[in-house]
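Descriptive analysis of the structure
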Amino acid sequence: MSEPWRDDFPALADGMVYLDSAATTLKPQPVIDAVRWFLEGGTAAVHRAVHAKSVAATDRFEATREALARWFGADTDEVVFSRGATEAINLVRRGLPSLGHVAVTVMEHHSNFVPWMDVPRCDRISVDTDGNVNEQELKESLAAGAQLVAVTHQSNVLGAVTDLRMISELVQKQNAALLVDAAQSASHDPPQLHDLKLDFIACSAHKMLGPSGAGALIVDRKWYPKMRPSLLGGHMVEQVHLDGWTMQSPPHSFEAGTPAIESVIGWGAAVNYLQQLGPDAIADRLATLTDYLLQRLGAIPGLNLVGPVSGRRGPLAAFHLEGMEATAVARIVSQRDQICVRSGYHCAQPLHEHLSMAPTVRASLQLYNNEQDIDRFCSVLDSVAKIACM
Ligand SMILES: Cc1ncc(COP(=O)(O)O)c(C=O)c1O
């Protein structure tokens with residue numbers, strides 16, 4: 001796979017090297033065009049009116065639901081729109097208020113950690129330095145009655161990819177539920193709802209080449225009767241009387257209020273764009289780039305990578321540079337050569353605590369990156385490392 005699509009990303013025209021796609025991805029032209037279509041001429045409320053504008057906007061909005069269902073191996077009515085992965089996870093937490101026992105891994109993003117902390121029993125399942133989930137602890141938690149396991153598909157710090165099939169089998173044996181945070185993997189390795197027998201998948205549009213402000217909870221429909229909507233108001237109701245109301249059928253019953261219409265429409269264009277390139281081709285390209293990044297970083301003196309260095313891993317690398325604070329490194333590479341990387345705890349402070357790890361610098365890749373981006377980053381880092389060693 002070469003990289004003719006770099007031209008599709010106008011943000012790259014200013015010459016920067018963007019290595020922060022784990023935080024948010026750049027947007028290709030078709031996404032910008034779709035948002036522009038809505039903002040310029042297509043503006044109308046969705047689902048409400050019978051006029052042509054509303055019908056056209058609703059068609060495009062609902063087409064995104066269909067595209068997402070295909071992307072995650074689900075049915076269209078199993079896609080609930082939210083404002084992002086964080087809200088999707090909270091929809092489950094608030095939707096199942098009587099949960100008494102859950103299990104989460106210690107490598108979760110805060111968005112898949114904090115919402116579970118107020119469950120009466122929340123088991124923190126440990127991981128090793130490569131991000132392998134402790135199977136024994138998970139089995140013990142399930143045997144002790146954990147009703148739901150919430151786990152990331154790909155760590156946004158270690159790059160580790162979770163063995164979802166193994167976890168799903170353990171969870172099914174105990175009749176528990178499995179929620180997968182796919183925020184990091186959704187663009188190139190979307191977990192398949194029914195194939196993997198998952199119960200919930202959370203994702204965000206802005207990490208899949210789409211706009212921010214939109215996300216989704218993909219739900220096995222068997223959960224709908226057990227879940228209560230956490231937001232009440234317009235659209236989620238069917239009838240409202242002076243003394244009561246009835247609910248629409250799901251997924252609409254979980255989508256109160258006017259949604260982020262232009263973001264959802266833009267997201268549809270993003271998923272179509274990804275689909276045209278093909279998830280396998282994207283994953284292959286990212287794997288090649290990731291290997292190259294790890295190899296180049298590994299050759300820099302005083303640079304210590306975290307996470308697995310071989311085997312399946314996500315398209316990112318986090319590291320420490322001896323003698324330098326992570327934020328100083330990120331600032332220097334930005335100032336010297338317009339290179340965008342992230343530094344800090346990456347919203348995964350419990351993982352850092354668990355591994356007694358200082359904040360890291362993180363470089364993350366997407367399909368618009370190439371080997372020259374990595375070379376540019378590593379050559380600046382190399383000079384920074386030499387100064388740090390002096
Ligand atoms: C693994 C993971 N989960 C959840 C989130 C939260 O996503 P959002 O802020 O789009 O809701 C992120 C964002 O960085 C993430 O990396």
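Note that the structure is a prediction, hence the values are computed from the model and not measured.

What counts and what doesn't
Residues numbered from 1 in each chain as written. Predicted model: local features only at pLDDT ≥ 70, side-chain atom pairs only at ≥ 80, totals over all residues. Heavy atoms only, no water. Pairing = 2+ DSSP bridges. Helix = DSSP H or I, 4+ residues; strand = E, 2+ residues; numbered from the N terminus. Axes fitted to C-alpha atoms, helices over the stretch in contact; angles between N-to-C directions. Contact = heavy atoms within 4.5 Å. Patch = residues over 30% accessible without salt bridge, like charges linked within 9 Å, V, L, I, M, F, W, Y side chains within 5 Å. Areas by Shrake-Rupley, 256 points an atom, 1.4 Å probe, with all protein chains shown as cover. Salt bridge = Lys/Arg side-chain N within 4 Å of Asp/Glu carboxyl O. Buried < 20%, exposed > 50% of the residue type's maximum accessible area, 1.4 Å probe, protein only. Near = heavy atom within 4 Å. Polar contact = N/O pair within 3.5 Å; in protein donor to acceptor, adjacent residues only side chain to side chain. 1 Å grid on protein atoms, 1.4 Å probe; cavity = no way out; pocket = protein on both sides within 12 Å on 5 of 7 lines; lining within 4 Å. Sits in = over half its atoms within 2 Å of the grid points. Nonpolar A, V, L, I, M, F, W, Y, C, P; charged D, E, K, R; others polar.

**Quick notes on the sheet that holds strand β2 (residues 79–82)**
Strand order in the open sheet made by the seven strands is β2-β8-β7-β6-β5-β3-β4, with mixed pairing throughout. In the strand order of this sheet, the two ends are held by β2 and β4 (121–125), each with one partner. Averaged over all neighbouring strand pairs, the angle between strand axes comes to 20°, with direction disregarded. The sheet contact formed by strand β3 (residues 101–105) and β4 spans five bridges and is parallel. Its bridge partner lying in β4, A103 is registered against D123. Along the sheet, helix α4 (residues 135–143) contacts β3, β4 and β5 (148–152); its crossing angle with β4, the most-contacted strand, is approximately 165°.

**A few points about a nonpolar patch on the surface**
Residues L232, V240, W245 and M247 make up a contiguous nonpolar surface patch of roughly 420 Å² in combined accessible area. Following the sequence through the fold, M247 ends up in strand β10 (residues 244–247).

**Overview of unusual backbone geometry**
Note that the residue after P250, namely P251, is joined by a cis bond; omega there is 5°. You will see that K197, though not glycine, has its phi angle at about 55°, which is positive. Along the polypeptide, K197 turns up in the loop between β6 (177–181) and β7 (200–204). With a phi angle near 70°, H235 is a residue other than glycine that sits in the positive phi range. Inspection of the secondary structure puts H235 in the loop between β8 (215–219) and β9 (237–241). A relative accessible area of 13% means that H235 is categorised as buried.

**Describing the site of the ligand**
Close to the ligand lie G84, A85, T86, H109, S111, N156, D181, A183, Q184, S204, H206 and K207, which account for all nearby residues. Within the side chain of S204, a nitrogen or oxygen atom sits 2.6 Å from an oxygen atom of the ligand. Between the ligand and K207, the relevant distance is 2.5 Å, taken from an oxygen atom to a side-chain nitrogen or oxygen of the residue. Protein chains bury 85% of the 390 Å² of accessible surface belonging to the ligand in isolation. Judged by its atoms lying within 2 Å of the grid points, the ligand is housed in the largest pocket. For the shell around the ligand, a count of residues per class yields two nonpolar, eight polar and two charged.

**Some words on the sheet that holds strand β11 (residues 303–306)**
Overall, antiparallel pairing links the four strands, which are arranged β11-β12-β15-β14 in an open sheet. Of all the strands in the sheet, the pair left with one neighbour each is β11 and β14 (342–344). For this sheet, the mean inter-axis angle between neighbouring strands, taken without regard to orientation, is 30°. Those strands touched by helix α8 (residues 326–337) are β12 (316–321), β14 and β15 (360–364), and its axis lies near 160° from that of β14.

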